[in-house]
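Examining the three-dimensional arrangement
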Amino acid sequence: MSESTAAPLRRVRVHHLRQAKERGERITMLTAYDAPTARIFDEAGTDVLLVGDSVADNFLGHATTLPVTVDDMIRHTRAVTSAVRRSLVVADLPFGSYEASPAHAHATAVRMMKEGGAHAVKFEGGRRVAEHVHLVVSSGIPVMGHLGFTPQSENVLGGKRVQGRGDEAAERLSEDALALQEAGAFAVVLEMVPAPLAERITEVLSVPTIGIGAGPACDGQVLVWSDMAGLTDWSPRFAKRYAEIGATLGAAARAYNDEVRSGAFPTDTHSFAE
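Quantities reported herein were computed from a predicted structural model and do not represent experimental measurements.

If you tally the helices and strands in the protein chain, you get 11 helices and eight strands. Taking 274 residues into account, the globule formula puts the C-alpha radius of gyration at 19 Å, and the protein chain, at 20 Å, falls close to it. The C-alpha extent of the protein chain, read off along each of the three principal axes, is 70 × 40 × 35 Å. For the protein chain, the residues scored as buried account for 47% of the 274 residues in total. For the protein chain, the computed accessible surface area is about 13,600 Å², with 54% contributed by carbon and sulfur atoms. In the protein chain, the 27 positive side-chain charges and the 34 negative ones have mean positions that sit 2 Å from each other.

Printed below as a string of structure tokens:
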């Protein structure tokens, strides 16, 4: 979604994403979990920042997304919203915080908005959470859906596996996408879905699709920022590494260690006179 360099700063709202789809403009989305990173991505012109439950396995040291709590998500969401001026901030509802009932989802979403300052929320599932989406949206909270590989259901799905392969599975996924749209979702993330299926769903939906491992035909793309920036030793197949921040940070730490041990740092430049 492009912005004129001469145009005044404008906060990205959910209706701007639909307008971008109508104009054929691609939407950009990255995860963010802290204020410094959020500020950088916001100033770079990223349309949507996702405070993902992926913070669990990417920055908190957990093996999966499941252990992250509502309080964790609120803390990270507040950090991100404090730093942005333009990007739309979407916060994940973590595992166990919305599944029991529409009222359960509503209560957690309200906390994410009131305490975290989120502009919208995201949670996983299709037809089974359509009533949840409807209640949350009707209460004035925008909802982004999430279909395909849904990390919170990893144990049921049998691991990190592509979803929607085969006619029956593709039909179920398409019906789930339509159900989310009808319930009021303003966009739908499609994760690890065959590219032809993602293209068909994108053509059918009037709301934007955001792909992650779902091919180039989606209305937008999202990546976990540590994958995008090369902070880790390994990235999934669908993630392009646009930098090697991990290697750069390691080199900086080694240079610092060497200078401290040799006495080269600090110098008079980094010291205070009487």
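A few words now on the UniProt feature "binding site: 3-methyl-2-oxobutanoate" (unreviewed entry) in the protein chain. Under the present numbering, the feature "binding site: 3-methyl-2-oxobutanoate" (unreviewed entry) in UniProt falls on Asp53, Ser54, Asp92 and Lys122. Their sequence span is 70 residues, while the largest C-alpha to C-alpha distance among them is just 12.5 Å; these annotated residues converge on one region. Residue Ser54 is classed as buried on the basis of its relative accessible area, which comes to 12%. Setting aside anything within four residues of it in sequence, one finds Ser54 in contact with Thr31, Tyr33, Phe59, Thr65 and Val224. Turning to its location among the elements, Lys122 is positioned in strand E4 (residues 120-122). Apart from the residues within four sequence positions on either side, Lys122 is in contact with Leu50, Val90, Ala91, Asp92, Leu93, Met144, Gly145, His146 and Val189.

So, about the packing of aromatic side chains. This structure, assessed with the given rule, holds five aromatic pairs. With a centroid separation of 5.6 Å and 25° between ring planes, the pair formed by Phe59 and Trp225 is classed as stacked. Residue Phe59 is located in the loop between helix H3 (55-58) and helix H4 (70-81), and its partner Trp225 is located in helix H10 (residues 225-228); the two are separated by 166 residues in the primary sequence. Relative accessible area serves as the criterion here: at 33%, Phe59 is assigned to the partly exposed category.

Time to look at the pairing of strand E2 (residues 48-51). Residues Val48 and Leu50 line one face of E2 and the alternating positions Leu49 and Val51 line the opposite face, and both faces are buried. In this structure, strand E1 (residues 27-31) lies alongside E2, joined through three bridges in parallel fashion. Opposite Leu30, over in E2, you have Leu49 as the bridge partner. Handedness of the crossover joining E1 and E2 through helix H2 (residues 35-43) is recorded here as right-handed.

This part takes up the environment of Glu154. Here Glu154 is to be found in helix H7 (residues 154-157). Glu154 gets classed as buried once you look at its relative accessible area, which sits at 17%. Between the alpha carbons of Glu154 and Thr64 there is a distance of 8.7 Å; along the sequence they are 90 residues apart.

Cut-offs applied
- Residues numbered from 1 in each chain as written.
- Predicted model: local features only at pLDDT ≥ 70, side-chain atom pairs only at ≥ 80, totals over all residues.
- Heavy atoms only, no water.
- Helix = DSSP H or I, 4+ residues; strand = E, 2+ residues; numbered from the N terminus.
- Rg over C-alpha atoms; globule rule 2.2 N^0.38 Å.
- Buried < 20%, exposed > 50% of the residue type's maximum accessible area, 1.4 Å probe, protein only.
- Areas by Shrake-Rupley, 256 points an atom, 1.4 Å probe, with all protein chains shown as cover.
- Lys, Arg positive; Asp, Glu negative; His and termini not counted.
- Charge placed at Lys NZ, Arg CZ, Asp CG, Glu CD.
- UniProt positions renumbered as here; feature names shortened; annotations may be inferred.
- Contact = heavy atoms within 4.5 Å.
- Phe/Tyr/Trp six-rings, centres within 6.5 Å; stacked < 30°, edge-to-face > 60°.
- Pairing = 2+ DSSP bridges.
- Right-handed = clockwise from strand over helix to strand, strands pointing away.

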